[in-house]
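# Summary of structural features
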Amino acid sequence: MTNWVDILTELVHRTTSDLPRDAEQALATAASAEAAGSRSAMLLEALAENTRLARAQGSPLCQDTGTLTFFFDVPQGYDTLALENAAKTAVAAATANGWLRKNTIDSLSGRSIDDNVADGAPVCHFEQSDRDDVEVWLLQKGGGSENMSRQYSLPDSAIGAGRDLDGVRKCLLDAVWRTQGFGCAPGVLGVCIGADRAEGFLQAKKQLLRPLDDVSDNPQLAELERRVLAEANSLGIGPMGMGGKTTLLGVKVTSRTRLPASFFVTVAYLCWACRHRGILVDANGEPQDLN
Amino acid sequence: MSVMKELFYPFSEAAVKALRAGDTVRISGLVYTGRDRLHKHLAEGGKCPVQLRDGAIFHCGPVTVRDGDGWRVAAAGPTTSIREEPYMASIIGKYGVRVVIGKGGMGKQTLAACREFGCVYLQAVGGAAALLAKRIRRVDGVDFLDEFGATEALWHLTLDGLETVVGMDAHGNSVYDEVRRDSEQRLRELIG
């Protein structure tokens, strides 16, 4: 019998405190590109030191422990209600341990919901797979970066963006420029081309689960990812928007079909603290790390 | 890069005016956290339970844990300051705030208030909450805990050498404005 509460509590603890190695490596690469002793190098070194400290202490990397979004792939007939309840119990336990901030506000009364559990909190998405194990990914995304996510509807004459991949490129560069340092640069873009508005945001956010060194299977999207990353880093916005060579750590793009009338480009902006972790749990309840 | 400067509470006008945009500064002593709820409350004429004159407001919602009769900070870091732009200038003027700590920088009104009243905006390292928590020596108290909740409450923190960068000085200079201008020029080259 799988002990889902323990497994998910441990997943929350690791996600909040243990930055995956791909992100740590990307920050180290960014730091080595800056002149020694420069302001941008100092800021990036602080991020690296913070990463080591949070991992060693098992304490939150960032005080904004974010919206917790779980993505579950489950076998046919699996009890998803039990999984959702386990996720809620895990979040409440992690909050009581000081691994998550009291970070949930009732939008009408303004009161804090101190255990971070409510209808739709945490967010849980379920998909059925054809396997007999359960794959779980957790994304913790803070409000500062979520506030910087945006959606374009093409054509967009303000930035001269038409309904083609060059128009998409213009949207992405515009999004990075508008974000400046407000979303804790250097960040990551998760992008969905097409879909309706709601699905666009979901698929853009799911792109943020990809490892930073992952390249799209689609050659056109791979080229777009490469080009936007290079061009965004030539903007000079830098860590915290205080200038520097690294403004983005990664660009991850997917596409969906669209209606003839619609052409949405949806950008999910993630801060440098790429808190995404995955586990695969076999039928015996043994979790295996996927990062 | 210039040598790291030091700033101690209470923050004098002279000490604040000696800082220039881009300087690195270690700040120590008493600071008060305040974010969306507090700024709205003060700007709407609500009561302020602490003395902000020659003091600092830290845009921060810490992760706090009960520790005996007191509190321990498990994680703390700056929140995005631009959300307080509608309120900040009037609060700086009315209360005589000398230092604002946050992230991402602020707008024209705050920059003008910094210049008029002798205040400085310090950029803390966004997201570096474990590191920043180490620079908090103790929690001296808290106000509005029930009304605003733990994250939005006004925490009294004593800092011990928190490393920051002067983002906006008391002379009308903003690092963010320079970066925005230069990056806009580059953006125009890239998107035509």
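Residues numbered from 1 in each chain as written. Chains lettered and ligands numbered in written order. Predicted model: local features only at pLDDT ≥ 70, side-chain atom pairs only at ≥ 80, totals over all residues. Heavy atoms only, no water.

The number of helices and strands found in chain B is seven helices and nine strands. Taking 192 residues into account, the globule formula puts the C-alpha radius of gyration at 16 Å, and chain B, at 16 Å, falls close to it. With the principal axes as the frame, chain B shows a C-alpha extent of 60 × 35 × 35 Å. Within chain B, contacts between residues at least 6 apart in sequence are counted, and of these 62% link residues at least 24 apart. Total accessible area on chain B is roughly 7400 Å²; 47% of this is exposed by carbon and sulfur atoms. Counting 25 positive and 24 negative side-chain charges, chain B places the centres of these two groups 1 Å from one another. (Helix = DSSP H or I, 4+ residues; strand = E, 2+ residues; numbered from the N terminus. Rg over C-alpha atoms; globule rule 2.2 N^0.38 Å. Contact = heavy atoms within 4.5 Å. Areas by Shrake-Rupley, 256 points an atom, 1.4 Å probe, with all protein chains shown as cover. Lys, Arg positive; Asp, Glu negative; His and termini not counted. Charge placed at Lys NZ, Arg CZ, Asp CG, Glu CD.)

Moving on: the packing of aromatic side chains. Residues and elements named next belong to chain A. Inspection of every chain in the model, using the stated rule, returns six aromatic pairs over all chains. A centroid spacing of 5.8 Å and a plane angle of 15° characterise the contact between F70 and F72, whose relative ring orientation is stacked. In this structure F70 comes out as buried when scored by relative accessible area, which is 0%. Exposure remark for F72: the relative accessible area of 1% places this residue in the buried category. Each ring, one from F72 and one from F126, has its centre 5.0 Å from the other, and the planes form 10°; the classification is stacked. Here the residue F72 occupies a position in strand β1 (residues 67-74), and F126 occupies one in strand β2 (residues 123-128), the gap between them amounting to 54 residues. Among the aromatic residues, ring-to-ring pairing joins F70, F72 and F126 into one connected group. (Phe/Tyr/Trp six-rings, centres within 6.5 Å; stacked < 30°, edge-to-face > 60°. Buried < 20%, exposed > 50% of the residue type's maximum accessible area, 1.4 Å probe, protein only.)

Residue and element names in this part refer to chain A. In contact at an axis separation of 8 Å, helix α1 (residues 4-17) and helix α4 (residues 80-96) are set at 50° when each is read in the N-to-C sense. The angle between the axes of α1 and α4 places the two elements in the oblique class. When you trace α1 past α4, the crossing you get is right-handed. Within the contact between the two elements, α1 uses W4, V5, L8, T9 and V12 and α4 uses L83, A86, A87, T89, A90, A93 and A94. (Axes fitted to C-alpha atoms, helices over the stretch in contact; angles between N-to-C directions. Parallel < 35°, antiparallel > 145°, perpendicular 65-115°, else oblique. Left-handed = near helix turned anticlockwise from the far one by under 90°.)

So, about the interface of chain B and chain A. At the junction of the two partners, chain B supplies 48 residues and chain A supplies 47 residues. Summed over both partners, the interface of chain B with chain A buries about 3900 Å², with 63% contributed by carbon and sulfur atoms. Summed over the three residues of chain B that lose the most area to chain A, namely R180, L190 and I191 of chain B, the buried surface amounts to 14% of that side. Applying the counting rule to chain B against chain A returns zero salt bridges. One can count 18 residue pairs in polar contact (both at pLDDT 80 or more) joining chain B with chain A. Of all the secondary structure elements, the ones that give two or more residues to the side of chain B that touches chain A are β4 (63-67), β5 (70-75), α5 (129-134), α6 (145-148), β9 (154-168) and α7 (175-191) of chain B. Per element, the largest residue contribution to the side of chain B that touches chain A is ten residues, and it comes from α7 of chain B. Residues that form the side of chain B that touches chain A fall into these classes: 23 nonpolar, 15 polar and ten charged. (Buried area = accessible area lost by both parts, 1.4 Å probe. Salt bridge = Lys/Arg side-chain N within 4 Å of Asp/Glu carboxyl O. Polar contact = N/O pair within 3.5 Å; in protein donor to acceptor, adjacent residues only side chain to side chain. Nonpolar A, V, L, I, M, F, W, Y, C, P; charged D, E, K, R; others polar.)

Looking now at the sheet that holds strand β4 (residues 150-153) of chain A. Residue and element names in this part refer to chain A. Here we have four strands laid out as an open sheet, ordered β4-β7-β5-β6, and mixed in their pairing. Of all the strands in the sheet, just β4 and β6 (248-255) have a single pairing partner and so form its edges. Ignoring which end each strand starts from, the neighbouring axes of this sheet average 15° apart. The sheet contact formed by strand β5 (residues 187-193) and strand β7 (residues 264-270) spans six bridges and is antiparallel. Along β7, the bridge assignment pairs V191 with V267. (Pairing = 2+ DSSP bridges.)

Glancing now at the domain arrangement of chain A. All names here are of chain A. Under the domain assignment, chain A is made up of domain 1 (4-15 + 61-142 + 275-289) and domain 2 (144-270). For domain 1 versus domain 2, the separation of C-alpha centres amounts to 26 Å. The interface is formed by twelve residues belonging to domain 1 together with twelve residues belonging to domain 2. Between domain 1 and domain 2 lies a buried interface of about 1000 Å² when both sides are counted; carbon and sulfur atoms form 64% of it. Joining domain 1 to domain 2, the criterion identifies two salt bridges. Elements that contribute at least two residues to the side of domain 1 that touches domain 2 include exactly β1, β2 and β3 (134-141). The element best represented in the side of domain 1 that touches domain 2 is β3, accounting for five residues. For the side of domain 1 that touches domain 2, a count of residues per class yields four nonpolar, five polar and three charged. (Domains from an automatic or database assignment.)

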